[in-house]
Amino acid sequence: MKILVIDDDPAMTDLLVLLLQPTSSVVSTANSGQEGVKLAQTENPDIILLDLMMPEMDGWQVCKAVRQFSNVPILILSALNNPGMIAAALDIGADDYLIKPVPSSVLIAHINNLARRGAVNHTSPTPPAP
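J.: Help me out: how do you make sense of helix α1 (residues 10-20) in this one?
T.: Note that an α-helix has 3.6 residues per turn; residues three or four places apart therefore point the same way. Here α1 has its buried residues at Met 12, Thr 13, Leu 16 and Leu 20. Looking down the long axis of α1, one finds its buried residues gathered within 100° of arc, a one-sided arrangement. Facing away from the buried side of α1 by more than 90 degrees, the exposed set consists of Ala 11, Asp 14 and Leu 18. Capping of α1 at its N-terminal end is provided by Asp 9; its side-chain oxygen lies 3.0 Å from the backbone amide nitrogen of Ala 11.

J.: Can you help me understand the side chain of Ser 28 in this one?
T.: If you trace the backbone, Ser 28 turns up in strand β2 (residues 26-30). For Ser 28, a relative accessible area of 15% puts it in the buried group. A polar atom in the side chain of Ser 28 sits 2.5 Å from the side chain of Glu 43. Those residues in contact with Ser 28 that lie beyond four places of it in its chain are Ile 3, Leu 4, Val 5 and Glu 43.

The rules behind these values
Residues numbered from 1 in each chain as written. Predicted model: local features only at pLDDT ≥ 70, side-chain atom pairs only at ≥ 80, totals over all residues. Heavy atoms only, no water. Buried < 20%, exposed > 50% of the residue type's maximum accessible area, 1.4 Å probe, protein only. Helix = DSSP H or I, 4+ residues; strand = E, 2+ residues; numbered from the N terminus. Arc of directions from axis to C-beta. Polar contact = N/O pair within 3.5 Å; in protein donor to acceptor, adjacent residues only side chain to side chain. Contact = heavy atoms within 4.5 Å.

Quick look at the structure:
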């Protein structure tokens, strides 16, 4: 599985790479929204882990930009613990939302869940036309 982590904090991206090592995933990182969108286009990840609060191009803008060209599952990892913000992130196209700090086992379980749903969505046949 290919995972793209987009967070402006290099310490956070490094930590997530370490936490995801047991999953045998290939993890790419971007420390800006612009770089993250470019990597999402070129690397075709299976899942994106995205921070909301970033300078210049924030996670809201990244999510909207990625949705212009991809249905890749997007998991928001944010310190923002506000029901309105969570709802807004899901409404703009995010698939899941976790509040930092999150236990690594919970993060991996959510990633596995999104991967299962993504695999089902990509492999299920198109329903017959009415």
